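Fold and contact review
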Amino acid sequence: MNYRKKKIKVGFTTGDINGIGIEIFLKVCCKKNILDFFTPILFGSTKLCFFYKKILNMEINNIREIKNFKEVSDYKINVFNIWKEDIKFESIRINHPESGKYPILSLKKAVKALKEGKIDVLVTAPVNKKCMNFKNFSFIGHTEYLQNVLEGESLMLMIHDILKIALVTNHLPLKKISSELNIKKIIKSIKILHQSMIIDFSVEKPKIAVLGCNPHSSDNGLIGNEEKTKIKPAIDNLFQKKGWLIFGPYSSDSFFGNQSYINFDAILAMYHDQGLIPFKTLTFNQGVNFTAGLSHIRTSPDHGVAYDIAKKGIANENSFEEAIFHAIKIFKNRKEYMKLSSSKLS
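Since we're looking at a predicted model, the values are computed, not measured.

Attention shifts here to the overall build of the protein. If you tally the helices and strands in the protein, you get 11 helices and 12 strands. The C-alpha radius of gyration computed for the protein amounts to 21 Å, which stays within 12% of the reference 20 Å derived for 346 residues, consistent with globular compactness. Counting only C-alpha atoms and orienting by the principal axes, one finds that the protein spans roughly 60 × 50 × 35 Å. When the 346 residues of the protein are sorted by exposure, 52% land in the buried category. For the protein, the share of sequence-separated contacts (at least 6 apart) that also reach a separation of at least 24 residues comes to 74%. Accessible area for the protein stands at about 16900 Å²; split by element, carbon and sulfur atoms hold 50% of it. When the 51 positive and 33 negative side-chain charges of the protein are each reduced to one mean point, those points stand 5 Å apart.

Right under this line is the structure:
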């Protein structure tokens, strides 16, 4: 049997071309024996790879330009040249009017390949959201774009071996959080998280904690009423009707302060920083952003473009590497779940 045919194809986007995306991509792909586990396909430019290889003084001999998926080769850094023009990468500075053009093209081509089954999973490099707001691209970030073009209902889920935190709301100003929260939306988020824990992480009966929205989880209504009118009814609905192990709402400061999170398989936060601050504090450079609930698998590192250290060769690639292997693991878990489900139906 030819096991090489079974190697998982991992697609990559370039991310912001002035950020650390290509640097950490190349650093990971150059690690000894790492390409035993997957075949990388970058949607971008060989010229961009060689540009970074030169300025970072990296020894890389396996970058390979491909024109179609039949040319994909194991143990090579396969690169689709999707930008036809002769780009002077050294002249495109941070916040250049067209600096958002190239990561958008990379993302669109990669997602198309993902939908068509040309790649098995997708790992996206960090982008500058302001630069991504380019001409007809009206999405705030990756999650919002993927929700629009893939099947399913998306949920931002930050994952690590010791901690998994999902968000009811994503990239919203704090003043809009309360008006965006409602029972239906919270129930939907819990359902997606519950299903993902079963299918993507092989947890048979997930135990999920739900955080409050206000300080001290409102202190019994003394500091706001979202817990009483929106969050608690959503928890009770699923706990009582389905018998799911859903608990809360918990005050987020004490929940993380006394390490209550270790007693749960996953946590649902109401807004971005409520979930991301404790997650990054506890797992930084090891955590991964996973878009749960969709028909296809996409992960990314838990950090941004890091302009301050870009092109210096000092970027930490650990989170990017974790994003790759989490994507592979989720892919395998989904296949195993489908196989078991099929056996049960038979």
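The final tally for this structure, using the stated rule, is 18 aromatic pairs. Looking at Lys 164, its charged tip hangs above the ring of Phe 201, at a distance of 5.2 Å from the centre. The ring of Phe 264 is capped by Lys 207, whose NZ or CZ atom sits 5.0 Å from the centre of that ring.

Approximately 380 Å³ is the volume found for the largest pocket. Together, 21 residues line the largest pocket, and Lys 129, His 171, Asn 289, Pro 301 and His 303 are the ones closest to its centre. Listing elements by their share of the lining of the largest pocket, those giving two or more residues are α5 (142–149), β6 (152–160), α10 (272–283) and β12 (298–301). Of the residues assigned to the lining of the largest pocket, the class counts are 7 nonpolar, 10 polar and 4 charged.

The subject of this paragraph is the side chain of Lys 7. The topology assignment puts Lys 7 in the segment before β1 (8–13). In this structure Lys 7 is buried but unpaired, with Asp 74 as the nearest side chain of opposite charge at 4.2 Å. A distance of 3.3 Å separates a polar atom in the side chain of Lys 7 from a polar atom in the side chain of Tyr 75.

In this section: the pattern of salt bridges. It is possible for side chains bearing opposite charge to pair when their charged atoms get close. Applying the stated criterion across every chain yields a total of 9 salt bridges. Between Lys 31 and Glu 317 there is a salt bridge, with the nearest N and O atoms lying 3.3 Å from each other. With Lys 31 in the loop between α1 (21–29) and β2 (38–44) and Glu 317 in the loop between β12 and α11 (318–345), the pair connects residues that are 286 residues apart, well separated along the chain. For Lys 31, a relative accessible area of 29% gives the class partly exposed. Across the salt bridge formed by Lys 112 and Glu 116, the nearest N and O atoms sit 2.7 Å from each other. Each of Lys 31, Glu 317 and Glu 321 takes part in salt bridges that share partners, so that together they form one network.

What follows concerns the environment of His 142. Structurally, His 142 is set in helix α5. Given a relative accessible area of 10%, His 142 falls into the buried group. His 142 has contacts with Leu 107, Thr 124, Ala 125, Val 127 and Arg 298, leaving out every residue within four places of it along the chain.

With an omega dihedral of 0°, the bond running from Gly 248 to Pro 249 counts as a cis peptide bond. Tracing the backbone through its elements, the reader meets Pro 249 in strand β9 (residues 245–250). The backbone of Asp 219 shows a phi angle near 55°, a positive value even though the residue is not glycine. Note that Asp 219 resides in the loop between β8 (207–211) and α8 (226–242). Take Asp 219: its relative accessible area is 38%, and that puts it in the partly exposed class. A positive phi angle, close to 60°, is found at Gln 259, a residue other than glycine. Mapped onto the elements of the fold, Gln 259 is located in the loop between α9 (252–257) and β10 (266–269).

As a further point, take the environment of Ile 297. Turning to its location among the elements, Ile 297 is positioned in the loop between β11 (288–294) and β12. Accessibility expressed as a relative area gives 3% for Ile 297, which makes it buried. Note: C-alpha distance between Ile 297 and Val 121 (176 residues apart in sequence) is 5.2 Å. Here Ile 297 is in contact with Leu 114, Val 121, Leu 122, Phe 290, Ala 327, Ile 330, Phe 331 and Arg 334, once residues within four sequence places are set aside.

Here the focus is the packing of helix α7 (residues 183–199) against α8. Here α7 crosses α8 at 50°, and the two axes come no closer than 8 Å. Taken together, the axes of α7 and α8 are oblique relative to one another. With respect to the hand of their crossing, α7 and α8 are arranged in right-handed fashion. Between α7, through Ile 183, Ile 186, Ile 187, Ile 190 and Lys 191, and α8, the contact on the second element is made entirely by Thr 229, Lys 230, Ile 231, Pro 233, Ala 234, Asn 237, Leu 238 and Lys 242. The residue makeup of the contact of α7 with α8, split by class, is 8 nonpolar, 2 polar and 3 charged.

Calculation criteria
All residue numbers here refer to positions counted from 1 along the written sequence of the relevant chain. Local features in this predicted model are restricted to residues of pLDDT 70 or higher, and side-chain atom pairs are both shown and tallied only at a pLDDT of 80 or more, whereas totals for entire chains, interfaces and linings draw on every residue. For the side-chain quantities, the full set of heavy atoms in the structure was used; hydrogens and water were omitted. Here a helix means four or more residues in a row that DSSP labels H or I, a strand means two or more in a row labelled E, and each is numbered from the N terminus. Radius of gyration here is computed from C-alpha atoms only, and the compact-globule reference equals 2.2 Å multiplied by the residue count raised to the power 0.38. A simple rule labels every residue: compare its accessible area, found with a 1.4 Å probe on the protein chains alone, to the largest value its type can have, and call it buried under 20%, exposed over 50%, or partly exposed in between. The contact definition used throughout considers only heavy atoms, calling two residues in contact when any of these lie within 4.5 Å. The accessible surface values rely on the Shrake-Rupley method and a 1.4 Å probe; as for residues, cover is taken only from the protein chains in view. When charges are tallied, Lys and Arg are placed among the positive residues and Asp and Glu among the negative ones, while His and the ends of the chain are skipped. Positions of charges follow a simple convention, taking NZ of Lys, CZ of Arg, CG of Asp or CD of Glu. Each pair of aromatic rings taken from Phe, Tyr and Trp, with Trp reduced to its six-membered ring, is defined by centres within 6.5 Å and is described as stacked if the planes are under 30 degrees apart, edge-to-face if over 60, and tilted in the remaining cases. Only when the NZ atom of a Lys or the CZ atom of an Arg is both within 6 Å of the ring centre and within 35 degrees of the ring normal do we say a charge sits over the ring. Cavities and pockets are found on a 1 Å grid laid over the protein atoms alone: a cavity is a set of points where a 1.4 Å probe fits but cannot escape, a pocket is an open set with protein on both sides within 12 Å along at least five of seven lines, and a lining residue has an atom within 4 Å of such a point. Grid points are joined across faces, edges and corners, and a volume is the space filled by probe spheres set on the points. All residues other than Ala, Val, Leu, Ile, Met, Phe, Trp, Tyr, Cys, Pro, Asp, Glu, Lys and Arg, Gly among them, are scored as polar; the first ten of these are nonpolar and the last four charged. Here a salt bridge means any side-chain nitrogen of Lys or Arg lying within 4 Å of a carboxyl oxygen belonging to Asp or Glu. Any N or O atom pair separated by 3.5 Å or less is treated as a polar contact, with the protein-specific requirement of one donor-capable and one acceptor-capable atom, and with residues adjacent in sequence counted only for side-chain atom pairs. Orientation is described by lines fitted to C-alpha atoms, with helices fitted over the stretch in contact, and by angles between N-to-C directions that extend from 0 to 180 degrees. When an angle is under 35 degrees it counts as roughly parallel; over 145 it counts as roughly antiparallel; between 65 and 115 it counts as roughly perpendicular; any other value is oblique. Should the near helix be turned anticlockwise from the far one by less than a right angle, the crossing is left-handed, and should it be turned clockwise, the crossing is right-handed.

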